[in-house]
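Now for the letters of each chain:
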Amino acid sequence: MIKQKIVLRFPPHIVEQPTIYHLIKDFELMVNILRADINPKKEGRLMMELSGSELNYQRAIEWLTEQGLQILNLEQQIIWRSDRCTHCGACTVICPTNALVFDRPEMTVRFEEEKCIVCELCLRACPARAMETLVENAGLSNGK
Amino acid sequence: MEVNRSIEEINEKIRNGQVVVLTAEEVIGAVKENGLAETAAAVDVVTTGTFGPMCSSGVFLNVGHPQPRIKLNEAYLNGVPAYAGIAAVDLYLGAAAIPPTDPANRNYPGEFIYGGGHVIEDLVAGKEVRLDATAYGTDCYPLKKIETSFRLAEINEATLYNPRNAYQNYNVAVNMGPKTIYTYMGILKPGPGNANYSSAGQLSPLFNDPLLKTIGIGTRIFLGGGIGYVAWHGTQHNPAVERTGSGIPKGPAGTLALIGDLKQMQPHWLRGLSYLGYGVTMQVGLGVPIPILNEEIMGYCAVSDDEIFAPVVDYHHSYPNREAGNLGLVSYGELKSGSIILEGKKVPTASLSSYAGAREIAASLKEWIEAGQFTLSEPAAPLPSVEAGIGLNVMPRRNPDEREE
Ligand code: SF4
Ligand code: SF4
């Protein structure tokens, strides 16, 4: 058994295809959709938790890649650069899930990765640019 | 016994390794426990600190003459314009400057990825910075164009000169409008969805000497991780505001102009910042030592967050239109608890100034003094305080073509 949170990025031409149906039917995966949106450029983004057998999971990932989707492991996606963080706290009122929490009385900020839904709001809200996404660096299984 | 200490006596104790220093946070508990008189008798110095965004900051650079010489007319450091309207190879780079190529708020809300504050951070970090400059050429300064790079250590002087730092109190910003706004007080969600403040409160320098009885021109301070000095009162210095019984202003009041040698500062305490939809600025770390000359001064230093109040101001309408009035006062104790009650509604709070950073600065300054590396200076002249009668002017709006001779 494997349980993995991932983000799928769909290019515009795939947005309308029944990808999830295939994941369930062809690969016998349990799909728990956490968040979905389509941006103005018609690119889709789907955040979900997949569970099923290790083999089926690997096959599904290969299939998704062949379909031209970008796959990110959620845990890796948002990084909090503690070396750049000044512990101001500005991000804590922006983060919708309290993944960025302010500890009192220490008055320092902590990133609880498991609560992060990769909405990316913090990336531009952090004045010190201490929040980063791995998209620019690596982490995409589909190049770019 | 009445406490009556001079700065010279304190410095003697620093040199002998006998000085007693507490941070402005530690001293609150000490006074509560042992009383004012006893604490004043025991403690020689209280250290303060603050680490917040301070737009009115910048650096004077003398980049040295190339061969042949040049009189810089237009100059860019890593693409960010520096003011060249002073002597030939002198420049002033402001923390809030942005490159002419930055789309700014044409891409609303603009990201402001890189600007003056970031160049200063890069310089202090020892990075090589690109210089692109042009000149009109003179008989004495023939060169008309230069493209080169340098590191901080390779130029002559780099003097941090911040016209306005260390704001004594500040607004708490909220958004009473219908949609999210992007301000120098951060992202403000409608609702109001959040209330942002920017002061270290009880640790902040000017809350510990609210009437400027010890801080003056020439006061030696912690600045950007190095040593700096109070140069003057800051721009928009406005001491004559309403105050509490213990002298604490109930809104933005005093400010300091600070100066120091950039070459001995640290990038950790001078950080370029990007405020979404607003612009670039710099987070400046500074700390001021307060000499406990007598019980009265100790009384000021014992101030706690619950006794310091800031006005809640609407940044959707009131602030931009310069309309008077606020939505009430809240204490820093409330602000730091994580939420305030505004018009019966609970609003989450966030700070733009780092309290953890302020703590670290006050602790470093304390260490420096205890280790005998930092002595206190006698101010050369006092700063204008409440009785100086200065206030804030409003810019006149009139037809400039009809101006009087
Ligand atoms: S806004 Fe950025 S610098 Fe401030 S606490 Fe959050 S991550 Fe750290
Ligand atoms: S990406 Fe969204 S959920 Fe994750 S930390 Fe940033 S603001 Fe919070």
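Look up a bit, the structure's there.
Reading the values: the criteria
Residues numbered from 1 in each chain as written. Chains lettered and ligands numbered in written order. Predicted model: local features only at pLDDT ≥ 70, side-chain atom pairs only at ≥ 80, totals over all residues. Heavy atoms only, no water. Buried < 20%, exposed > 50% of the residue type's maximum accessible area, 1.4 Å probe, protein only. Helix = DSSP H or I, 4+ residues; strand = E, 2+ residues; numbered from the N terminus. Arc of directions from axis to C-beta. Near = heavy atom within 4 Å. Nonpolar A, V, L, I, M, F, W, Y, C, P; charged D, E, K, R; others polar. Core = buried A, V, L, I, M, F, W, Y, C linked by side-chain atoms within 4.5 Å. Domains from an automatic or database assignment. Contact = heavy atoms within 4.5 Å. Buried area = accessible area lost by both parts, 1.4 Å probe. Salt bridge = Lys/Arg side-chain N within 4 Å of Asp/Glu carboxyl O. Polar contact = N/O pair within 3.5 Å; in protein donor to acceptor, adjacent residues only side chain to side chain. Patch = residues over 30% accessible without salt bridge, like charges linked within 9 Å, V, L, I, M, F, W, Y side chains within 5 Å. Areas by Shrake-Rupley, 256 points an atom, 1.4 Å probe, with all protein chains shown as cover.

Draft legend 1. Examining helix H1 (residues 7-16) of chain B more closely. Residue and element names in this part refer to chain B. Within H1 the residues assigned to the buried category are Ile7, Ile10, Asn11 and Ile14. Considered in projection along H1, the buried side chains sweep an arc of 100 degrees and stay on one side of the axis. Within two residues after H1, Gly17 carries a phi angle of roughly 70 degrees, on the positive side.

Draft legend 2. Broad picture of the site of ligand 1. Among the 13 residues in the neighbourhood of ligand 1, the closest are listed as Cys85, Cys88, Gly89, Cys91 and Cys126 of chain A. When grouped by side-chain class, the residues that make up the shell around ligand 1 number 10 nonpolar, three polar and no charged.

Draft legend 3. Examining the nonpolar core more closely. If you look at the biggest cluster of nonpolar residues, it comprises 135 residues, and the most contacted ones within it are Leu77, Leu262, Leu270, Tyr315 and Ile369 of chain B. It is helix H7 (residues 355-370) of chain B that provides the largest number of residues to this core, a total of seven residues. Here this core gathers at least three residues from each of two domains, domain 1 (2-75) and domain 2 (78-133) of chain A. In this structure, Leu46, Ile61, Trp63 and Leu69 of chain A belong to the second largest nonpolar core, which totals 18 residues.

Draft legend 4. Up close: the interface of chain B and chain A. Opposite the 30 residues of chain B that make contact, chain A presents 21 residues. Each partner contributes to the roughly 1900 Å² buried at the junction of chain B and chain A, and carbon and sulfur atoms together form 51% of this total. Taken together, the connections running from chain B to chain A amount to two salt bridges. Measuring nitrogen to oxygen at the nearest pair gives 3.8 Å for the salt bridge that ties Arg129 of chain A to Glu111 of chain B. Our count for the chain B to chain A interface comes out at 10 residue pairs in polar contact (both at pLDDT 80 or more). Those elements that place two or more of their residues in the side of chain B that touches chain A are strand S14 (195-197), strand S19 (270-275), helix H6 (332-337), strand S25 (345-351) and H7 of chain B. The element that contributes the greatest number of residues to the side of chain B that touches chain A is S19 of chain B, accounting for five residues.

Draft legend 5. Representation of a nonpolar patch on the surface in the model. A cluster of nonpolar side chains, namely Phe60, Tyr83 and Ile86 of chain B, defines an oily patch on the protein surface of about 280 Å² accessible area. Its place among the elements puts Tyr83 of chain B in the loop between strand S6 (80-82) and strand S7 (90-94).

Draft legend 6. A look at the site of ligand 2. Taken together, 13 residues sit near ligand 2, with Cys95, Cys116, Cys119, Glu120 and Cys122 of chain A positioned nearest. When grouped by side-chain class, the residues that make up the shell around ligand 2 number 11 nonpolar, one polar and one charged.

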